[in-house]
Amino acid sequence: MKNTLFVITIILIAFSCGTPKHITNTDKGVAQVGDTITLSSQETEYDIIIIEPGFNAWLNSIAQPEGYYSQQYLENKNLFYVNEWNSRVRQPQRFSPSLYELNIDYQSNIDYGYEVNYKLYNYFVYFQNRYKQNLLGGRIPLN
């Protein structure tokens, strides 16, 4: 019995010491660390660039689909979120500068279009859930 266990152990060690297999993924649609989402609206000539690991996968799997919210709803939420975000950017002694790095230039009198508002809103939801931040002081939306 001892010899059998010894042989099995040696075989398992031999198989576990094999060289690693290199797998190359050529699918560009898979979320990678350092995801960059660029959204350009030809109709409005505005861009939104989101560089956040995992955001693209979250947006495609967990977030509410496009059309779920009205553009007016998204614009209203984004205005509040942007104001709070920019306030936190200006207070690096109180809020982490590694989380709140740059101001967001979002103006309520400009029509950015549905897609830009949708991505921005969902980024705020993702950001709050991922980094346990509460931008508006109420309940953090789950999706």
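Everything below is about the structure printed above this text.
What counts and what doesn't
Residues numbered from 1 in each chain as written. Predicted model: local features only at pLDDT ≥ 70, side-chain atom pairs only at ≥ 80, totals over all residues. Heavy atoms only, no water. Helix = DSSP H or I, 4+ residues; strand = E, 2+ residues; numbered from the N terminus. Buried < 20%, exposed > 50% of the residue type's maximum accessible area, 1.4 Å probe, protein only. Contact = heavy atoms within 4.5 Å. Core = buried A, V, L, I, M, F, W, Y, C linked by side-chain atoms within 4.5 Å. Expected span 1.5 Å × (residues − 1). Phe/Tyr/Trp six-rings, centres within 6.5 Å; stacked < 30°, edge-to-face > 60°. Salt bridge = Lys/Arg side-chain N within 4 Å of Asp/Glu carboxyl O.

> So what's going on with the overall build of the chain? Residues and values would help.
Of regular secondary structure, the chain possesses 4 helices and 2 strands. A burial count over the chain gives 31% of its 143 residues as buried. For the chain, contacts bridging at least 24 residues in sequence account for 60% of all contacts bridging at least 6.

> Go over the nonpolar core with me, naming the residues and quoting the values.
Of all hydrophobic cores here, the largest spans 26 residues; its most connected members are Phe55, Trp58, Trp85, Tyr100, Tyr123 and Phe124. Broken down by element, the residue count for this core peaks at 9 residues, all from helix H4 (residues 114-131). Sequence-distant contacts of Tyr123, defined by excluding residues within four places in its chain, comprise Ile50, Glu52, Phe55 and Trp85.

> Break down helix H3 (residues 71-89) for me, citing the residues and quoting the values.
Given a rise of 1.5 Å per residue, 19 residues ought to cover 27 Å, and the 26 Å separating the end C-alpha atoms of H3 matches this to within 8%. Looking at H3, one finds that the buried residues are Leu74, Asn78, Tyr81, Val82, Trp85, Asn86, Ser87, Arg88 and Val89. Among the structural elements, H4 are those in contact with the buried residues of H3.

> I'd love a proper account of the packing of aromatic side chains, names of residues and values included.
Counting across every chain of the model gives 21 aromatic pairs. With centroids separated by 4.9 Å and ring planes inclined at 85 degrees, the aromatic side chains of Tyr68 and Tyr69 adopt a geometry described as edge-to-face. Ring geometry for Phe127 against Tyr131: centres 5.3 Å apart, planes inclined by 50 degrees, an arrangement best described as tilted. Taken together, the residues span about one helical turn, with Phe127 and Tyr131 both in helix H4 at a distance of 4 residues. Residue classification places Tyr131 among the partly exposed positions, given a relative accessible area of 27%.

> Explain the pattern of salt bridges residue by residue, including any values.
Enumeration according to the criterion identifies 2 salt bridges in this entry. In this structure, Arg130 engages Glu52 in a salt bridge whose closest nitrogen and oxygen atoms are separated by 3.6 Å. Taken as a pair, Arg130 in helix H4 and Glu52 in the loop between strand E2 (46-51) and helix H2 (55-61) lie far apart in primary sequence, 78 residues in all. A residue is classified by how much of its surface remains accessible, and Arg130, at 40% relative accessible area, is partly exposed. Residue Glu52 is classed as buried on the basis of its relative accessible area, which comes to 7%. We note a salt bridge from Glu84 to Arg88, for which the minimum N-O separation is 2.7 Å. On the criterion of helical spacing, the pair formed by Glu84 and Arg88 is a turn pair, its members being 4 residues apart in helix H3.

> An account of unusual backbone geometry is needed here, citing residue identities and associated values.
Not every positive phi belongs to a glycine, and Lys132 is a case in point at roughly 50 degrees. Overall, Lys132 belongs to the exposed group, its relative accessible area being 68%.

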